[in-house]
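Structural overview
Listed here are the chains, written in short residue letters.
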Amino acid sequence: MVPTNYYLFLSAILFGLGIVAFVFKRNVITLFMAIELMLNAVNLAFVAFSQSLGKPDGEVFVLFVIIVAAAEAAVGLGIIILTARNRHSLNVERVDLLKL
Amino acid sequence: MTAPVVIFFVLAAIAVLGAVSLILQRHPIHSALSLIVVMVALAGLYLLMGAEFVAAIQIIIYGGAIMVLFIFVIMLLNAGEEERTNFSGLATYAGIPLAVAVTGLIAAAIVSSGRSLPAPAPSGALTSTKTLSLLLFNEFVYPFELTSFLILVAILGVIVLAQREN
């Protein structure tokens, strides 16, 4: 069988790639996708632990994470549409009203 | 190497390549398609672990609903290629070290404490949907009800945001 550590390492790598994407990308929609990637990495760790310990609680948590991610994506994309309408740009560097 | 390990490495390689492609692609729609590849590969990994319900939910909700929403917004806003700006020096100098440090920290924690973890149950021993739903509707019934409020608030929020002011 596949050792649990392998899944955890893959989860760590995907989370790290999510951070890289979040820091380097400039398009606000791609930033949101980076967040989704990190959530997916965490879900993988949840399922790996749940299967390894033989308790299905972790899988129930994954369902909650997916529900919260869906709500977050809906609200976040609504906000993105509003900013794009007002600033005429999707670049996060151009959304700087709160900057001094 | 046994068959499950080979399947794991194939799916893991697909997931990592998809994530790297998400970073390297300049056009948001290509990034979105890369993310779908990652999600389908992760669904395969869930199946390999025996979490069949989570695998189905991953494809239906993540790969289906959420990514279709993303692609709709990309097309709605007519998002073009990402423009390169050099406003933030922090990202260029601290970005890669930060990500490597976080990944290294997590990996070190896994190496130091993860050895005692037993391997997942052999494939064929699937977590039945019945077990999962019994848990969800008995032990986790309050969080479950709260999520319906969360979704209601999200719906109302999106309606308020999307409305044009008159």
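Read on for a plain summary of the structure. (Residues numbered from 1 in each chain as written. Chains lettered and ligands numbered in written order. Predicted model: local features only at pLDDT ≥ 70, side-chain atom pairs only at ≥ 80, totals over all residues.)

1. Observations regarding the overall build of chain A
Helix and strand content of chain A: three helices and zero strands. Helices (α) and strands (β) of chain A occur, in sequence order from the N terminus, as α-α-α. A compact globule built from 100 residues would reach a C-alpha radius of gyration of about 13 Å, whereas chain A, at 17 Å, exceeds it by more than 25%. Expressed along its principal axes, the backbone C-alpha trace of chain A runs to roughly 50 × 25 × 20 Å. Partitioning the contacts of chain A with sequence separation of at least 6, the portion at a separation of at least 24 is 48%. (Helix = DSSP H or I, 4+ residues; strand = E, 2+ residues; numbered from the N terminus. Rg over C-alpha atoms; globule rule 2.2 N^0.38 Å. Contact = placed C-beta atoms within 7 Å.)

2. A look at the interface of chain B and chain A
One widely used convention gives an interface's size as the accessible area the parts lose upon coming together. With 72 residues of chain B in contact, the opposing surface of chain A contributes 61 residues. For the side of chain B that touches chain A, the elements supplying multiple residues, two or more each, are helix 1 (3-24), helix 2 (28-49), helix 3 (52-76), helix 4 (89-113), helix 5 (129-138) and helix 6 (141-162) of chain B. Of all the elements, helix 2 of chain B adds the most residues to the side of chain B that touches chain A, at eleven residues.

3. A look at the packing of helix 2 (residues 28-53) of chain A against helix 2 of chain B
Running from amino to carboxyl end, helix 2 of chain A crosses helix 2 of chain B at an angle of 5 degrees, the nearest separation of the two axes being 11 Å. As judged from the angle between their axes, helix 2 of chain A and helix 2 of chain B are roughly parallel. Facing I29, T30, M33, E36, L37, N40, L44, V47, A48 and Q51 of chain A of helix 2 of chain A, the residues of helix 2 of chain B in contact are P28, S31, A32, L35, V38, M39, L42, L45, Y46 and M49 of chain B. For the contact of helix 2 of chain A with helix 2 of chain B, the per-class residue count stands at 15 nonpolar, four polar and one charged. (Axes fitted to C-alpha atoms, helices over the stretch in contact; angles between N-to-C directions. Parallel < 35°, antiparallel > 145°, perpendicular 65-115°, else oblique. Nonpolar A, V, L, I, M, F, W, Y, C, P; charged D, E, K, R; others polar.)

4. Focus on the nonpolar core
In terms of nonpolar packing, the biggest core is built from 66 residues, with I29, L37 and L44 of chain A touching the most fellow members. Those elements that place two or more of their residues in this core are helix 1 (4-24), helix 2 and helix 3 (57-87) of chain A together with helix 1, helix 2, helix 3 and helix 4 of chain B. Here the element with the most residues in this core is helix 2 of chain A; it accounts for 13 residues. Those residues within four positions of L44 of chain A in sequence are excluded, and the remaining contacts are Y7, L10, S11 and L14 of chain A together with L42 and L45 of chain B. (Core = buried A, V, L, I, M, F, W, Y, C linked by C-beta atoms within 7 Å. Buried ≥ 20, exposed ≤ 12 C-beta atoms within 10 Å, placed from the backbone.)

5. Things to note about the environment of E82 of chain B
As for its placement among the helices and strands, E82 of chain B is situated in the loop between helix 3 and helix 4. On the basis of neighbour counts, which here come to 18 C-beta atoms within 10 Å, the residue E82 of chain B falls in the partly exposed class. Through-space distance from the C-alpha of E82 of chain B to that of Q25 of chain B is 9.2 Å; in sequence the pair is 57 residues apart. Sequence-distant contacts of E82 of chain B, that is, excluding residues within four places in its chain, are made with K25, R26 and N27 of chain A together with R26 of chain B.

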